[in-house]
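Given next are the chains, with one letter for each unit.
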Amino acid sequence: MADTMHASKHELMAEAERQMNTEVTPGDWTPRQKIALTCRALFDAGHDSGLAGQISTRAEEPGTFITQRLGLGFDEITEDNLLVVDEDLNVLDGEGMANPANRFHSWIYRARPDVNCIVHTHPLYATALSMLEIPLVVSQMDIAPLYDDCAFLADWPGVPVGNEEGEIISAALGDKRAILLAHHGQLVVGNTIEEACSLGHLIERAARLQLLAMSAGVIAPLPPRLAKEAHDWTLRPRRSEANFAYYARKALRNHPDAISGAR
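Computed from a predicted model, the values in this text were never measured in an experiment. (Residues numbered from 1 in each chain as written. Predicted model: local features only at pLDDT ≥ 70, side-chain atom pairs only at ≥ 80, totals over all residues. Heavy atoms only, no water.)

### Observations concerning the pairing of strand E8 (residues 185-190)
Step number 1: Along E8, 6 of the 6 residues are buried, which leaves the element largely enclosed by surrounding structure.
Step number 2: Residues of E8 alternate between two faces, with Gly 185, Leu 187 and Val 189 on one and Gln 186, Val 188 and Gly 190 on the opposite face, all of them buried.
Step number 3: Alignment of strand E5 (residues 117-121) against E8, held across 5 bridges, turns out to be antiparallel. Its bridge partner being in E8, Ile 118 is matched across the sheet by Val 189.
Step number 4: Sheet topology places strand E7 (residues 178-181) next to E8; 4 bridges connect them, and they run antiparallel. Bridge assignment links Leu 180 to a residue of E8, and that residue is Gln 186.
Step number 5: Between E7 and E8, which follow one another and run antiparallel, lie 3 residues, and His 183 among them has a positive phi close to 60 degrees. (Buried < 20%, exposed > 50% of the residue type's maximum accessible area, 1.4 Å probe, protein only. Helix = DSSP H or I, 4+ residues; strand = E, 2+ residues; numbered from the N terminus. Pairing = 2+ DSSP bridges.)

### A look at the state of the cysteines
Step number 1: Counted under the stated rule, the structure contains 0 disulfides.
Step number 2: Lacking any disulfide linkage, Cys 117 is separated from the closest cysteine sulfur, that of Cys 197, by 8.1 Å.
Step number 3: Between Cys 150, a free cysteine, and Cys 117, which holds the nearest cysteine sulfur, the sulfur-to-sulfur gap is 16 Å. (Disulfide = S-S within 2.5 Å.)

### Regarding the UniProt feature "domain: Class II aldolase/adducin N-terminal" (unreviewed entry) in the protein chain
Step number 1: Sequence positions flagged by UniProt for "domain: Class II aldolase/adducin N-terminal" (unreviewed entry) are, in local numbering, residues 33-211.
Step number 2: The span residues 33-211 carries 34% helix and 20% strand; its end-to-end C-alpha distance comes to 34 Å. (UniProt positions renumbered as here; feature names shortened; annotations may be inferred.)

### So, the nonpolar core
Step number 1: Ranked by size, the top nonpolar core spans 45 residues in total, and within it Leu 37, Leu 136 and Leu 146 carry the most contacts.
Step number 2: For this core, the secondary-structure elements that each account for two or more residues are helix H2 (31-47), E5, helix H4 (124-130), E7, helix H6 (193-216) and helix H8 (237-254).
Step number 3: Considering every element that reaches this core, the biggest residue donor is H6, with 8 residues.
Step number 4: Not counting the four nearest positions on each side in its chain, Leu 136 is found in contact with Leu 129, Leu 146, Cys 150, Leu 180, Ile 203, Ala 206, Ala 207 and Gln 210. (Core = buried A, V, L, I, M, F, W, Y, C linked by side-chain atoms within 4.5 Å. Contact = heavy atoms within 4.5 Å.)

### Section: the environment of Met 13
Step number 1: Looking at where Met 13 falls in the secondary structure, it is placed in helix H1 (residues 9-23).
Step number 2: In contact with Met 13, other than residues within four places in its own chain, are Glu 229 and Trp 233.

### So, the pattern of salt bridges
Step number 1: In the structure shown here, the tally under the stated rule is 14 salt bridges.
Step number 2: Among the ionic pairs, Glu 194 bridges to Lys 34, the shortest N-O distance being 2.8 Å. Here Glu 194 is found in helix H6, whereas its partner Lys 34 is found in helix H2, with 160 residues between them in sequence.
Step number 3: Take Glu 194: its relative accessible area is 9%, and that puts it in the buried class. (Salt bridge = Lys/Arg side-chain N within 4 Å of Asp/Glu carboxyl O.)

### Some words on H8
Step number 1: In this model H8 runs 26 Å from its N-terminal to its C-terminal C-alpha over 18 residues, within 8% of the 26 Å that 1.5 Å per residue would give.
Step number 2: The complete set of buried residues in H8 reads Arg 238, Ser 240, Phe 244, Ala 245, Tyr 247, Ala 248 and Ala 251. (Expected span 1.5 Å × (residues − 1).)

### Focus: the pairing of E5
Step number 1: Within E5, 5 of the 5 residues are buried, which leaves it mostly tucked inside the rest of the structure.
Step number 2: Neither face of E5 is left uncovered, since the one carrying Cys 117, Val 119 and Thr 121 and the one carrying Ile 118 and His 120 both have all their residues buried.
Step number 3: Bridge count for strand E1 (residues 54-58) against E5 is 4 bridges, and the pairing is antiparallel. Residue pairing in the sheet places Ile 55 in a bridge with Val 119 of E5.

### Topic: the packing of H6 against H8
Step number 1: Contact geometry for H6 and H8: axes closest at 8 Å, N-to-C directions at 70 degrees. With respect to each other, H6 and H8 are oriented roughly perpendicular. Remark: the crossing between H6 and H8 carries left-handed chirality. Between H6 and H8, the contacting residues are Ile 193, Glu 194, Glu 195, Cys 197, Ser 198 and His 201 on the first element and Ser 240, Glu 241, Asn 243, Phe 244 and Tyr 247 on the second.
Step number 2: Along the lines of polarity and charge, the residues of the contact of H6 with H8 split into 4 nonpolar, 4 polar and 3 charged. (Axes fitted to C-alpha atoms, helices over the stretch in contact; angles between N-to-C directions. Parallel < 35°, antiparallel > 145°, perpendicular 65-115°, else oblique. Left-handed = near helix turned anticlockwise from the far one by under 90°. Nonpolar A, V, L, I, M, F, W, Y, C, P; charged D, E, K, R; others polar.)

This is the structure we're talking about:
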């Protein structure tokens, strides 16, 4: 005999969250491994653009972060060739240099104590949308984590290697989790690497859906209350961890060299 057929939606959501927190087991990867797997997963999802784009996470010491070495593509990143740099991009651990565009990561980390991971890429659909100088439109359930959570920088500030660009991008991002950068690409941030990786996948899918929908007609908006409910529900930490675990498993099947001893 069913016991939940007359339960309210609120009760069912609470029970589902309780089960997720007890039954869904997150992976036990290190931060370096998570960054390497994020690079590989996003490469497979079409986020590669030569050497463009940076992915980073805060390191143990305040004012430092882990990121990839300039000269390596996302499909070449391993846990062993990542760098630890300070806010001035001086290399504290590892060989080589960071991408000079990582400077705006320093600005975002300073402005947003809640942010522990930044994913900036130039994927095909998000970049194409950025060329139209129009904001991202979230009007579908799967991409609800970005609802009212994606800023838009309409004016391209040029190559982001100066402090000016860091100030502009961090200010435009504000308290959002994502931003579409006109004539540039996309940037998402997360409280965790898992959250940022998940949002990186979603913003490219959102841009693709938007371009397809715009080619067919006028995009209809989501009901705000339901969209906010979906946003909050789909951004629960354990869901991000489950999403990441899937992306990581898939990346490891395609790129076992990303993790030492994973072959």
